[in-house]
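Architecture at a glance
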Amino acid sequence: MSNVTMKAKDTVFAALAECFITIGTRRYNFMQAINLEAKFEKNKTEVPILGKTGKGNKASGWKGTGSATFHYNTSIFRQMMLQYKDTGEDIYFEIQISNEDKTSAVGRQTMILMDCNIDGGILAKFDAGGEYLEEDMDFVDIVDLKQEEFLKGHLREKILKYQTK
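Overview of the structure. For clarity, every value in this text was computed on a predicted model and none was experimentally measured.

Secondary structure assignment for the protein chain yields 2 helices and 8 strands. For the protein chain, the N- to C-terminal ordering of α and β elements is β-β-β-β-α-β-β-β-β-α. Of the contacts formed within the protein chain by residues at least 6 apart in sequence, a portion of 66% connects residues at least 24 apart. Surface accessibility of the protein chain: about 11600 Å² in total, with carbon and sulfur atoms responsible for 51%.

If you want it as C-alpha cells, here you go:
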C-alpha cells in the first residue's frame, strides 16, 4: 500500500484570501486586512474517576477569539466605538474569510464568524518616521461558525480513501 502524501503545489498561498465584514445590513470588502486569525478554544472540566489515580477531562463548552491587523485607512471600527460611547448600544458583526489558491487542488475554504464583538481599538494615530500606518484589533464572542468544505476533487477522494483503509 502506498502512502498518500501532499504535493507542494497543494499548499495555499497566504495572500490569496478574501475578507468581508457585515455590520447590520452593510457588507464591506475588507481588503485593507493584512492578517487575521480566529481561534476556537474548548473549555474542559476535570472529572474525578473512582478507581483511577488521575482525572479525566470532559468538554464543557467553547469560546471563540480572534485578532486582526489591517491598514489604518478605514473608519468602520472607530464609528462602532463612537456609537457605543454615544448610545451604549454594542455592535456585533460577522467576518467571512475565504482562502482559495486556484493553483492548489484543495479548493476553497470559507469560514463565517458570527456575532463578533471588538474589544476596543485605536481612535487616532500617526507615525512621522513610519512608512505606513496599521492597527490591531482583538475580537471575541464568536458564538457560531459556518464552514464551506476545503478539500475538493481528487485530493479529497485520495485522503478519504486512505483514511478508510
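Next comes the rest of the account.
Bringing unusual backbone geometry into the picture now. Unlike most non-glycine residues, D115 shows phi in positive territory, near 50°. Looking at where D115 falls in the secondary structure, it is placed in strand β6 (residues 108-118).

All right, on to empty space enclosed by the protein then. Going through the model one piece at a time under the given rule, you end up with 1 cavity of 30 Å³ or more. Each pocket or cavity is described by its volume, and for the largest cavity that value is around 30 Å³. Lining the largest cavity are F70, F77, M81, G120, G121, I122, E135, D136 and M137. In terms of residues, the lining of the largest cavity owes the most to one element, strand β7 (residues 134-140), which gives 3 residues. Residue classes in the lining of the largest cavity are distributed as 5 nonpolar, 2 polar and 2 charged.

Along the chain, S98 turns up in strand β5 (residues 93-100). Take S98: its relative accessible area is 2%, and that puts it in the buried class. Excluding residues within four positions of it along the chain, S98 makes contact with L16, A17, E18, R108, Q109 and T110.

Among the nonpolar cores identified, the biggest contains 19 residues, and F77, M80, F93 and I95 are the most heavily contacted of them. Broken down by secondary-structure element, the contributors of at least two residues to this core are β1 (17-23), β4 (55-71), α1 (76-87), β5, β6 and β7.

The next thing to look at is the pairing of strand β3 (residues 33-48). Relative to β4, β3 runs antiparallel, the two sharing 14 bridges. Across the sheet, the residue bridging to P48 is K55, located in β4. Hairpin connection, β3 to β4: the antiparallel pair is bridged by 6 residues, and G51 has positive phi, about 90°.

Turning our attention to the pattern of salt bridges. Where charged atoms from two side chains of opposite charge come close, those side chains can pair. Evaluation of the coordinates by the stated rule reveals 8 salt bridges. As a salt-bridge pair, E18 and R108 come within 2.7 Å of each other at their nearest N and O atoms. Within this pair, whereas E18 is found in strand β1, its partner R108 is found in strand β6, the two being separated by 90 residues in sequence. Classification of E18 by relative accessible area gives partly exposed; the value is 35%. The closest approach of N and O atoms between R78 and E135, which form a salt bridge, is 3.1 Å.

Attention now goes to the packing of aromatic side chains. Going through the model one piece at a time under the given rule, you end up with 5 aromatic pairs. Note on F30 and F70: the rings are 5.1 Å apart at their centroids and 65° apart in plane angle, and the pair reads as edge-to-face. One end of the pair, F30, is in the loop between β2 (26-29) and β3; the other, F70, is in strand β4, and 40 residues separate them in sequence. The same class applies to F30 as to F70, namely buried. Site record: aromatic cluster; members linked through ring pairs are F30, F70, F77 and F93. Positioned above the aromatic ring of F20, the side-chain terminus of R27 is 4.0 Å from the ring centre.

Rules and cut-offs
Residues numbered from 1 in each chain as written. Predicted model: local features only at pLDDT ≥ 70, side-chain atom pairs only at ≥ 80, totals over all residues. Heavy atoms only, no water. Helix = DSSP H or I, 4+ residues; strand = E, 2+ residues; numbered from the N terminus. Contact = heavy atoms within 4.5 Å. Areas by Shrake-Rupley, 256 points an atom, 1.4 Å probe, with all protein chains shown as cover. 1 Å grid on protein atoms, 1.4 Å probe; cavity = no way out; pocket = protein on both sides within 12 Å on 5 of 7 lines; lining within 4 Å. Points joined across faces, edges and corners; volume = space filled by probe spheres on them. Nonpolar A, V, L, I, M, F, W, Y, C, P; charged D, E, K, R; others polar. Buried < 20%, exposed > 50% of the residue type's maximum accessible area, 1.4 Å probe, protein only. Core = buried A, V, L, I, M, F, W, Y, C linked by side-chain atoms within 4.5 Å. Pairing = 2+ DSSP bridges. Salt bridge = Lys/Arg side-chain N within 4 Å of Asp/Glu carboxyl O. Phe/Tyr/Trp six-rings, centres within 6.5 Å; stacked < 30°, edge-to-face > 60°. Lys NZ or Arg CZ within 6 Å of the ring centre and 35° of its normal.

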